[in-house]
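Each chain is listed here by its residues.
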Amino acid sequence: QDRAISGRVTDRANGQGLPGVTVLVKGTTIGASTNSDGTYTLSVPASATTLSFTSIGYVSVDRPIGTASTIDIGLSADTKQLGEVVVTALGREEQKKSLGYAVQDVQGAELTQARETNVVNSLAGRVAGVQISNSTGAAGSSSRIVIRGPKSVQGNNQPLFVIDGQPIDNSSFSNSGAGGGIDYGNAASDLNPDDIESMTVLKGANATALYGVRGSNGVVVITTKSGRKARGLGISLNSTTSFESALTIPDLQNEYGQGNNGEFSYVDGQGSGVNDGSDESWGPRFNGQLIPQYNSPVVNGVRQATPWVGPGKDNLKKHFFETGRTLTNNIAVSGGNEKAGVRVSFTNLDSKGILYNTYLRRNTVNVNGGADITSKFKVSTNINYSETRGRRPGQGYDELNVMQQLYTWYGRQVDVRDLKNYYESGQRNYNWNSNYHNNPYFVLGEATNDDQRDRIIGNLTLTYALTDWLNLTARTTNDIYNQFNQRRVPIETISNDVQDDYTEERIRVLERNTEFLATANRNLTEDINLDVLLGANRRDAELDRSQIAAPELAVPGLFTLGNSASPLVTGNNFGTSNSNNGGILNPVQNRRVNSVYGSGRIGYKNWAFLGGSYRNDWSSNLPANARSFGYGSVDASVVLTDAFGITDSPLSFAKIRAGIANAGNDGTFAYQTQDIFTGGTAFGTDPVQTIFNTSYNPNLKPENTASYEAGVEVRFLKDRIGLDVTGYKTVTTDQIITVLTSASAGYTSKVLNAGEVTNQGIEAILTVAPFAAESPFQWNITANFAANRNRVVKFDDEGLIKNFVIGSSGFNTNIEARVGERYGAIFATGFLKVPDGQYAGQLILDANGLPQADPTRRTLGYATPDWIGGITNRFGYKGMELSFTIDTRQGGEFQSETVMWGTYAGSLANTLEGREGGLVAAGVLRNADGSFRPNDVRATAEDYYKAYGYIAGREGSVLDASFVKLREVRFGYQLPKSLIEGTFVKGVGVSFVGRNLWLIKSNAMGLDPETSFNNGNAQGLESTQIPSVRSLGFNINVTL
Amino acid sequence: CEKGLDAIGTNPNNATVGNPAYVLTNAQRSNVYRLFDIPVNQDGGLLIVQHWAKAQYTEEDRYQFRDGSYQSIWDGFYANGLQDFNYLVKQGETTNNPNLQAVGLIMRSYFFSVLTDVYGDIPYSQALRLQENIITPKYDRQEDVYKGLLADLKRASSLVDASGSSVGGDIIYGGDMDHWKRFANSLRLRLAMRISDANEALTRTEVAELLNGTTPLFRNNADNAEFVFLAATPNTNPIYENRLTRDDHRVSRSLTTVLSRLNDPRLPIYANPAECAGPKTGNFAGPDSTGLYRGIPNGLTTANANAFGSLCSSSKVGSYFTSAEAPGVLMTYAEVLFFKAEAIARGYITGDASAEYRNAIRASLGQYGIDAAGVTAYLAQPSVNRTITAANYREVIGTQKWIALYGQGVEAWSEFRRLDYPRLSPAKSPAAAAAGKFPVRFRYPTNEQSVNAASRAEAVARQGADVISTKLWWDKF
């Protein structure tokens, strides 16, 4: 039984009618807007109990309806403007307008509906100056997040993750690199989006100085959903189903098959036939001619010739990559009263990868509760338990990454469906080539990499209100996990491997923080507010890691250490870089940092603010004389519109802000102050020892990052247009890095305080709402842009060290930090070119008309982008919402081994030109007198592309990393209340979501330019990538 | 706030003090391993001198060496070899153990000589001094490196004190200092003879001291400096390790041709017979090779290597050399005798060059257990029983030395460069970088261009372009 309610909404400050106020029956979509004089009328169902009044710039009010038919109400202007309270360092809620630095947040609904199994990916394209790179499309792969550019040459460049005031570990124990290995994901991917209320990104050192050594790369502050605000019982169910497919694969050619010199005939796939031992596609053209092939029938011992045809353009894309499927089901129950509340949530994630026999599964239980024991004494806790199980594919340039053969060293006549048939019909490892490659299904089916991680993240917080303005808090937080990795490598038919082998890795990580805080917030006078915090923290970080391998198993197929036929060895198949003699250099790594700190903010009339912080750390990582180090920050902001009383103006809000900060850092690794001798397997009964190749440094001192930022935030037309612009500069000095040295000095590397890196840039966020808030149709545009200029200024003071190798491919492409250049230089051998004169820049070809390598290596590109940006459009109409996000990266390059070998081996489409009759390559020849003439020598395509792709250096495989992507499309619909009225259901929402949908623009030959092996610093290398996935799915959310 | 931090900050994983015996064991093992490993030996010297050839992945056999190989040779010998031996020299000094000092000096000199013979000018006088803050050591002229090494070896020999402190962990001579003294002198003879074309005056002075009849040198094969690997990983011979997963190498056709022509009894030890037939048609057609010694021509393209026949149709490297416990040979008695013969032929000392030459062959055959009858029959052949003269010593000694040094890739390459015999043809399809000739050095590793650029540039300006066709100082002909 509906009834009518009417009334008038006024501004409490002046009593005038307020137009455009949204009046809603709480919990429904039933509502109206006030007219120009502030009046409204509304027809409400009998079940309605509360009306809510909301308007931008005013504090929202809920009013019980009771039996009233007229409800008049006065709204107060919201001094916090849009209710923008953000959670900053140490879990403190602060008014956004009081901050002298940039922060940006993402709300939980955006995380759960457009679900990513790795929550870090959800930030992509949404936050200015935050670059997310997802390594590959393998289920559960890692993501890298960098805020305002890489600052550290060697150390971690990723932000700290803090959950409800608790710093957590975001390590990655992946060993995937150019030469192979496994990506186990980054530890923050254990977080469950369903339990997240919001994520706030604190970008600059001002925001993060209070986190000490770990905050200098920014902080992602995560607030979880709690039961504290619940009243009575609440149950919510959230279910997402999505399907994944390969977004893009390299541009392969489909006209020529296996062989060399246009010739091929199969006998044994090992060289007994014509080029049948070759795994290249320089063979005959597909003309349907009859040629004996690996899958041709054998009659009376004679392999019959069968038609030579290609399997079609999309053979791999359609038939090799499977449809991935991810199911996520969450149930959350919350309940509480005025004094206590609890929320319990369970989530099951079950994700099947696009590669055969790969998956990621995770169960998460979260308990979040709190109670007011007395009016002054409060207790709260959050405990999160997760267990993750993965089966992951091999990565990089390795036979155990099946993409290695499928993209590059492949006979393009092979139909991948045949390979699957052979594997499944019991010819486990029968393959088109028996020299170099296993059947890819055999690799995925039996060379499995399994991992499990069991993790508890928990904290306990006690708060006591000494007075109404002074609180004391004690908090202890623990993040503990155990990871267990198993790698099975069955006998491969392609090598002389005679037995199965098996490796186990065990990892234990502990991150514990114990903290005491005193916080005071007091109005000193009517106009002056003081907010002060004093604290002390002890951080303990522990890592234990061991690897044991059975190099030869006795009973085939029984993968246990006990089944080893020969002595167990440490290390072996995991091949970590931080290793010696195949093992792990430091299996035990402990660190403790003790800290005291304080911060404060003074506000004047709530429009001028001055903040500051100071912290002193004592770290076990540094030598005793350098162990103690302090640093701090100062920032200020003024809300101009309030200061000057601007009210009736198109300018609705204006604020300026500025800050300076310093942050210290104690280095990434433990035990860097003393030289060591390492051991190894004894020679018979003689023990062995060797001087370790890295020279350590007893005179280390802390690193320092100085940062400066200033910004302005303006909003117009009642906040319908907003612009937030920040300029910043960071200078990181005294970096603790391990620089390469000439081995002739006795060590291959040396640890020292060296390296100065600057980052400066600009970030802008533009928000536009073309329709007024009272319009039934809503359109919100949020665009962000960030350009960062990075420069490696110097290493040592003497200037002897000019570069630092961040990482390298297996084929001599380095990713380097080079003095005077951008971070992430792709340094390798380029083509020999004419330096100047008439033919400047042209390739100097050799006498055979082939490109040649320049003997001096040079920078061929940079892994870091020029700028990144994203735009989200959100349309709302009644209960419907449609949004889409496009993001882009412009500038920067990557070196592709797929292109390098695919060009060499003739598998890629770029190798088709000149196949018939050869080609006269662009370039010049050197005359006897040293002058040049245009090339007139014809080379075969096979010779030319082998030289171009590989022999003459890496320049032919350096690609533009720019892209424009349709990152996300989401359509949501909230069922009208009328449909579910009278049932126990309080709300039903459905949404359809697509992620990573369309690579709109890219120049990367079919590769996804967002690529890497892991989330480490060595970005800008690609090797037979597992394609990134396009995900399409739907989500149902039911509230009971 | 500092309480307890010292304890937490102390490395619980690794020793901060060394044990010289353990360091010596590891340094001997890992450096002998490296000397016979892929980069400098199996894909280096042995291919260049045509002891071996490649049946697949023929790049190195066509003189296309990998950047990574240059780097691993350099880094390995310097940081994992010379650095440890240098530590032992210093330990010997500070603990007043001249025998330890001598062993350290001899091993250090051996691997410095390997490095200079591979690269030419190398960091020597400023090398291994990072602790003194020398981060970018200057390169020394090869001549100066040789002078330094000759002096070091002389000093090492004089340091040996039979009644002095013992040396633990020595897995080459088991701490027997008489052997070490002989090794020091024999190695000094090798280095002195190496520079005979470039600084003959110095060679004469050195040889006069060494071959004066009283200086102890190797007396027989039991004195040989060799390292015997063990049966179990990771202490096995690197050739064995390579064969576990790879099957790329075969013996060279040059080797099978020369040894067959000489009816050399070492052929069945150096090579295994082919296990199946080669192609019956085409460029590489021939009689059924099953059971025959069928070497592969060096430097085939991949396509030609394929066409040469399936992998079983060519001769693999002899089982003696591919076994887990095959010795890594640093220097032999035969070499001493060959040098002696050559010194006589060159007129540095007096004696019967032909007799020393025959003794050298006897020593080499003895190394492989050829019986007396076999030795006699071999030496009786006119093609072997040659008279050494000042005119023919390069050819006669060069050829037999080339055979005797089988498997010792670096030394065989050095002597082949110096003596220029036997006359072999370079790879069939060489890479452009070789300029149609045999490689005469390796390029400096690419990292030197970034981490020690100025020093390297100075060396290149002095020595000549950093390419594999630039001759070393001692390589005059």
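Residues numbered from 1 in each chain as written. Chains lettered and ligands numbered in written order. Predicted model: local features only at pLDDT ≥ 70, side-chain atom pairs only at ≥ 80, totals over all residues.

**What about the overall build of chain B?**
Next up, step 1: Along chain B, the regular secondary structure elements total 20 helices and six strands.
Next up, step 2: Relative to the compact-globule value of 23 Å for 477 residues, chain B shows a C-alpha radius of gyration of 23 Å, a close match.
Next up, step 3: Projected onto its principal axes, the C-alpha coordinates of chain B cover approximately 85 × 55 × 45 Å.
Next up, step 4: Looking at chain B residue by residue over its 477 residues, the buried ones come to 56%.
Next up, step 5: A separation threshold of at least 6 residues defines the contact pool for chain B, and within that pool the share at least 24 residues apart is 74%. (Helix = DSSP H or I, 4+ residues; strand = E, 2+ residues; numbered from the N terminus. Rg over C-alpha atoms; globule rule 2.2 N^0.38 Å. Buried ≥ 20, exposed ≤ 12 C-beta atoms within 10 Å, placed from the backbone. Contact = placed C-beta atoms within 7 Å.)

**Thoughts on the interface of chain A and chain B**
Next up, step 1: The interface is formed by 58 residues belonging to chain A together with 62 residues belonging to chain B.
Next up, step 2: The set of elements that each furnish at least two residues to the side of chain A that touches chain B consists of strand S33 (588-604), strand S37 (677-678) and strand S38 (690-691) of chain A.
Next up, step 3: Looking at the side of chain A that touches chain B, its residues break down into 17 nonpolar, 31 polar and 10 charged. (Nonpolar A, V, L, I, M, F, W, Y, C, P; charged D, E, K, R; others polar.)

**A short note on the sheet that holds strand S43 (residues 749-753) of chain A**
Residue and element names in this part refer to chain A.
Next up, step 1: With mixed pairing, the three strands of this open sheet are ordered in space as S39-S43-S42. The open sheet is flanked by strand S39 (694-695) and strand S42 (736-740), the only strands paired with a single partner.
Next up, step 2: In this sheet, S43 lies alongside S39 in parallel orientation, the contact comprising two bridges. When the bridges of S43 are listed, Thr694 appears paired with Ser749. (Pairing = 2+ DSSP bridges.)

**Quick notes on the domain arrangement of chain A**
Next up, step 1: What the domain assignment lists for chain A is domain 1 (3-75) and domain 2 (88-231).
Next up, step 2: Distance from the C-alpha centre of domain 1 of chain A to the C-alpha centre of domain 2 of chain A: 39 Å. (Domains from an automatic or database assignment.)

**Here's the deal with helix H17 (residues 393-404) of chain B**
Residue and element names in this part refer to chain B.
Next up, step 1: Under the 1.5 Å per step criterion, the end-to-end length of H17 is 15 Å for 12 residues, consistent within 8% with the ideal 16 Å.
Next up, step 2: Of all 12 residues that make up H17, nine are buried, and the element is covered over most of its length.
Next up, step 3: At its buried positions, H17 is contacted by helix H10 (253-261), helix H14 (333-345), helix H15 (353-367) and helix H18 (409-419). (Expected span 1.5 Å × (residues − 1).)

**Things to note about the nonpolar core**
Residues and elements named next belong to chain B.
Next up, step 1: Counting residues in hydrophobic clusters, the biggest one holds 148 residues, and the most contacted among them are Val103, Ile106 and Ala341.
Next up, step 2: In terms of residue count, the dominant contributor to this core is helix H5 (residues 98-119) (13 residues).
Next up, step 3: Beyond its immediate stretch of four places on either side in the chain, Ala341 contacts Ala353, Glu356, Tyr357, Ala360, Ile388 and Ile397. (Core = buried A, V, L, I, M, F, W, Y, C linked by C-beta atoms within 7 Å.)

**Some details on the packing of helix H8 (residues 897-904) of chain A against helix H9 (residues 941-951) of chain A**
Residue and element names in this part refer to chain A.
Next up, step 1: With their axes 7 Å apart at the nearest point, H8 and H9 run at an angle of 160 degrees to one another. Put simply, H8 runs roughly antiparallel to H9. When you trace H8 past H9, the crossing you get is left-handed. Contacts between H8 and H9 pair Met900, Trp901, Thr903 and Tyr904 from the former with Tyr945, Lys946, Tyr948, Gly949 and Tyr950 from the latter. (Axes fitted to C-alpha atoms, helices over the stretch in contact; angles between N-to-C directions. Parallel < 35°, antiparallel > 145°, perpendicular 65-115°, else oblique. Left-handed = near helix turned anticlockwise from the far one by under 90°.)

**What about the sheet that holds strand S58 (residues 958-960) of chain A?**
Strand pairing in a sheet relies on backbone hydrogen bonds. The paired strands run either parallel or antiparallel.
All names here are of chain A.
Next up, step 1: Reading across the sheet, the three strands line up as S58-S53-S61 and stay open at both edges, with mixed pairing between neighbours. The two strands at the open ends of the sheet, each matched to only one other strand, are S58 and strand S61 (1021-1022).
Next up, step 2: Each of strand S53 (893-896), S58 and S61 touches H8; the most contacted strand, S53, lies at about 45 degrees to it.

**Focus: the confidence of the model for chain A**
When pLDDT drops low, the exact placement of atoms in the prediction is not to be read closely.
Next up, step 1: Model confidence for chain A is summarised by a mean pLDDT of 88, while 96% of its residues fall at 70 or above.
Next up, step 2: Below pLDDT 50 for its whole length, residues 572-582 of chain A participates in 32 contacts with residues either more than four positions away or in separate chains. (pLDDT = per-residue confidence, 0-100.)

**Focus on the environment of Phe264 of chain A**
All names here are of chain A.
Next up, step 1: Here Phe264 lies in the loop between strand S17 (234-246) and strand S18 (290-292).
Next up, step 2: A residue is classified by how many C-beta atoms lie within 10 Å of it, and Phe264, with 26 of them, is buried.
Next up, step 3: Residues Phe264 and Pro284 lie 20 residues apart in sequence; the distance between their C-alpha atoms is 6.7 Å.
Next up, step 4: The contacts of Phe264, once residues within four sequence positions are left out, are Gly257, Gln258, Gly259, Val274, Asn275, Asp276, Gly283, Pro284 and Ile291.

**Concerning the packing of helix H3 (residues 38-48) of chain B against H18 of chain B**
Residues and elements named next belong to chain B.
Next up, step 1: Packing of H3 against H18 leaves a shortest axis separation of 8 Å and a crossing angle of 30 degrees. In terms of axis orientation, H3 runs roughly parallel to H18. Judged by the sense of rotation from one axis to the other, the crossing of H3 with H18 is left-handed. Contact with H3, carried on its side by Val40, Asn41, Gly44, Gly45, Leu46 and Ile48, involves Gly409, Val410, Ala412 and Trp413 of H18 and no other residues of that element.

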